[in-house]
Amino acid sequence: MTPPKPTPLPLSHSLSDALFHEAQKVLVGGVNSPVRAFGAVGGTPLIFDHGAGARVFDADGNGYLDFVGSWGPLILGHTHPDVVAAVQDQAARGSSFGMTTELEIELARKIIRALPTIENVRFVSSGTEATMSALRLARAATGRNYVVKFEGCYHGHADSFLSQAGSGLATLGIPASPGVPEAIAALTLNVPFNNSAAVEEAFAKHSGEIAAVIVEPIAANMGVVPPEGSFLRDLREITLRDGALLLMDEVITGFRVAYGGAQSLFSIAPDITILGKIIGGGLPVAAYGGRRELMRNVAPAGKVYQAGTLSGNPLAMRAGIETLRVLERPGFYEDLHRKSARLVQGLDQLLQGGNLPVRMNSVGSLLTLFFTPVPVRDFESAKHSDTARFAAFFWEMLKRGVFLPPSQYEAWFVSAAHTVEDLDQTVQACRDSFEVVFREGVM
Ligand code: HOZ
């Protein structure tokens, strides 16, 4: 069935408004994750009803081309028929057993085949669980306590990762979360992304004390910021030299920028990889994995404890397996990247032609338009963005039927369901929106 076209302007959001009013009475801030609150763009958040292919539909029936894609999992778009069929079938067989199923073996095998740095994997239910557990494992394996992370990277909401973090913390301007004990926060060493010298300095100061460096190989939670030059290679070299572990957070990039993740693009072998989003095909799954001898420290093989009632949940395993099956089809990534390049080139022409103070960073199907004239290579430069103008742009795009992440500090996700026409329509919407937001006197 061809999904209906987005509703033309003007849009009514009266049902969304009414539902959000009700949501605020019973849900904290009216949401279950802060990034949904439209905190940085103002206005009332939309309440969604359903999705189909490249489109989402709000409670009022307005349709939008979706570039949020549930923040990354939906590389196939909404309601891919194979994923829907698999989940329906599994729901009829049983949604949870709290015991191992063959499905976990199948998804683990696919992951291990895709990422040769992983020999053993442990499934959990969220990226936060995975990064938190990976750090615990790194601390246990090295007998050290410090962790180096990068300003503007986001690794979920465990205590160790909540300072100078990207995503919702960047959006809401929360530099460090209350509730994190000082003693824990003191063990996290923040350094600028793309700055190997700063990492060297941290290791010089804490030689033999750092358990791990954790990095998003392509930062995507301060907007998209690719790694420059030898940055990732330097991290590998420095950690090996000092006996620390390299943790690659591929929650966003895994199965997104390539079937083998960013580590296959840059030929860097981390000690532990953290996955999430796409491997669950839109259901809650994440994982961490690495070489067998390291992973064998985790219970029950070893003593590093980590557990979960819904870990390896069968519904989620089926969605993940079906999603990866589609990604394995010949030409999948070539096609996705070709389409994404069309969007990126269209936007690039707009930016060049209009000489606009906007910078675009992109890798494959991930991109961000930063409302700043300076190149964005780390959190500091990302923070130069004119977030008020971004907010105006967000609403102009929404009015034109395009749903972007409601924050300057997030990635746009192109999915396989976007057609060339959808992407051309998006470029046109950007052109019209730029005209409005850069018109003199508008801001
Ligand atoms: N990594 C996602 C945003 N960058 C998380 C979404 C959420 O916080 O809800």
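Parameters at a glance
Residues numbered from 1 in each chain as written. Predicted model: local features only at pLDDT ≥ 70, side-chain atom pairs only at ≥ 80, totals over all residues. Heavy atoms only, no water. Helix = DSSP H or I, 4+ residues; strand = E, 2+ residues; numbered from the N terminus. Rg over C-alpha atoms; globule rule 2.2 N^0.38 Å. Buried < 20%, exposed > 50% of the residue type's maximum accessible area, 1.4 Å probe, protein only. Contact = heavy atoms within 4.5 Å. Areas by Shrake-Rupley, 256 points an atom, 1.4 Å probe, with all protein chains shown as cover. Lys, Arg positive; Asp, Glu negative; His and termini not counted. Charge placed at Lys NZ, Arg CZ, Asp CG, Glu CD. 1 Å grid on protein atoms, 1.4 Å probe; cavity = no way out; pocket = protein on both sides within 12 Å on 5 of 7 lines; lining within 4 Å. Points joined across faces, edges and corners; volume = space filled by probe spheres on them. Nonpolar A, V, L, I, M, F, W, Y, C, P; charged D, E, K, R; others polar. Phe/Tyr/Trp six-rings, centres within 6.5 Å; stacked < 30°, edge-to-face > 60°. pLDDT = per-residue confidence, 0-100. Pairing = 2+ DSSP bridges. Axes fitted to C-alpha atoms, helices over the stretch in contact; angles between N-to-C directions. Near = heavy atom within 4 Å. Polar contact = N/O pair within 3.5 Å; in protein donor to acceptor, adjacent residues only side chain to side chain. Domains from an automatic or database assignment. Salt bridge = Lys/Arg side-chain N within 4 Å of Asp/Glu carboxyl O. Buried area = accessible area lost by both parts, 1.4 Å probe.

Colleague: So what about the overall build of the protein chain? Which residues, and what values?
Modeller: Check the secondary structure of the protein chain and you find 15 helices and 14 strands. For the protein chain, whose C-alpha radius of gyration is 21 Å, the value lies close to the compact-globule estimate of 22 Å for 443 residues. Summarising its shape, the C-alpha atoms of the protein chain cover approximately 60 × 55 × 45 Å along the three principal directions. Of all 443 residues assigned to the protein chain, the portion counted as buried reaches 55%. Put simply, 73% of the contacts in the protein chain that link residues at least 6 apart link residues at least 24 apart. By element, 53% of the accessible surface of the protein chain is carried by carbon and sulfur atoms, the whole surface being about 18,400 Å². With 37 positive and 44 negative side-chain charges, the protein chain shows a separation of 4 Å between the mean positions of the two kinds.

Colleague: Describe the layout of surface pockets, naming the residues involved and giving the relevant values.
Modeller: Of the pockets and cavities examined, the second largest pocket occupies roughly 430 Å³. No other element matches the three residues that strand 4 (residues 120-124) contributes to the lining of the second largest pocket. Here the residues of the lining of the second largest pocket are counted per class, giving ten nonpolar, nine polar and two charged.

Colleague: Tell me what's going on with the packing of aromatic side chains, and back it up with residues and numbers.
Modeller: Tallying each qualifying case throughout the model produces 20 aromatic pairs. Look at phenylalanine 150 and phenylalanine 193: their rings are 6.1 Å apart centre to centre, the planes differ by 85 degrees, and that puts the pair in the edge-to-face class. Of this pair, phenylalanine 150 sits in strand 5 (residues 146-150) while phenylalanine 193 sits in the loop between strand 6 (188-191) and helix 7 (196-205); the two residues are 43 residues apart in sequence, bridging distant segments of the chain. Each member of the pair, phenylalanine 150 as well as phenylalanine 193, carries the same accessibility label: buried.

Colleague: Go over the confidence of the model for the protein chain with me, naming the residues and quoting the values.
Modeller: With 97% of its residues at a pLDDT of 70 or more, the protein chain has an overall mean of 95. In this model, residues 1-7 is a region of pLDDT below 50 whose contacts with residues beyond four sequence positions or in other chains number twelve contacts.

Colleague: Report on the sheet that holds strand 5, specifying residues and quantitative values.
Modeller: Strand pairing in a sheet relies on backbone hydrogen bonds, with the paired strands running either antiparallel or parallel. What the seven strands build is an open sheet, ordered 4-10-9-8-7-5-6; its pairing is mixed. Every other strand in the sheet has two partners, leaving strand 4 and strand 6 as the edge strands with one partner each. Neighbouring strand axes in the sheet, compared pairwise and without regard to direction, differ in orientation by 20 degrees on average. Looking at chain direction, strand 4 and strand 10 (residues 286-290) are connected through five bridges and run antiparallel. Across the sheet, asparagine 120 pairs through a bridge with glycine 290, a residue of strand 10.

Colleague: Talk me through the pairing of strand 1 (residues 48-52); I want residue IDs and the actual numbers.
Modeller: Summarising the sheet, strand 1 and strand 2 (residues 55-58) pair through four bridges and their orientation is antiparallel. Bridge assignment links phenylalanine 48 to a residue of strand 2, and that residue is aspartate 58. The antiparallel pairing of strand 1 with strand 2 creates a hairpin that spans two residues between the two strands, and glycine 53 there sits at a positive phi of about 60 degrees.

Colleague: So what's going on with the site of the ligand? Which residues, and what values?
Modeller: As a matter of local geometry, the ligand sits amid Ser33, Val35, Trp71, Ser167, Asn221, Lys277 and Glu410. Measuring from an oxygen atom of the ligand, one finds a side-chain N or O atom of serine 33 at 2.5 Å. In this structure, glutamate 410 approaches the ligand through a side-chain N or O atom, which is 2.6 Å from a nitrogen atom. Residues that form the shell around the ligand fall into these classes: two nonpolar, three polar and two charged. If you count residues domain by domain, the shell around the ligand takes at least three from each of domain 1 (14-66 + 331-440) and domain 2 (81-327).

Colleague: Tell me about the pattern of salt bridges, residues and numbers included.
Modeller: Tallying each qualifying case throughout the model produces 20 salt bridges. Here arginine 55 and aspartate 422 are joined by a salt bridge, their closest N and O atoms 3.2 Å apart. Taken together, the residues span a long stretch of sequence, with arginine 55 in strand 2 and aspartate 422 in helix 15 (residues 420-437) at a distance of 367 residues. Here arginine 55 matches aspartate 422 in class, with each residue buried. Its salt-bridge partner being aspartate 89, residue arginine 93 comes within 3.0 Å of it at the nearest N-O pair. You can see arginine 93 and its partner aspartate 89 sitting in helix 2 (residues 81-93), four residues apart, about one turn around the helix. Among the charged side chains, a network of salt bridges with common partners joins Arg236, Asp271, Arg291 and Glu293.

Colleague: Give me the lowdown on the domain arrangement of the protein chain, citing residues and values where you can.
Modeller: When its domains are assigned, the protein chain resolves into domain 1 (14-66 + 331-440) and domain 2 (81-327). For domain 1 and domain 2, the distance between their C-alpha centroids amounts to 26 Å. Every contact between the two is made by 28 residues of domain 1 and, on the other side, 30 residues of domain 2. Overall, the association of domain 1 and domain 2 removes approximately 2,300 Å² of surface from exposure, summing both partners, and the carbon and sulfur fraction of that is 64%. Among the residues domain 1 hides against domain 2, the three largest losses belong to Tyr333, Arg377 and Phe379. Together they make up 30% of the total. Linking domain 1 with domain 2 are one salt bridge. A salt bridge links glutamate 228 to arginine 377; the nearest nitrogen and oxygen atoms lie 2.7 Å apart.

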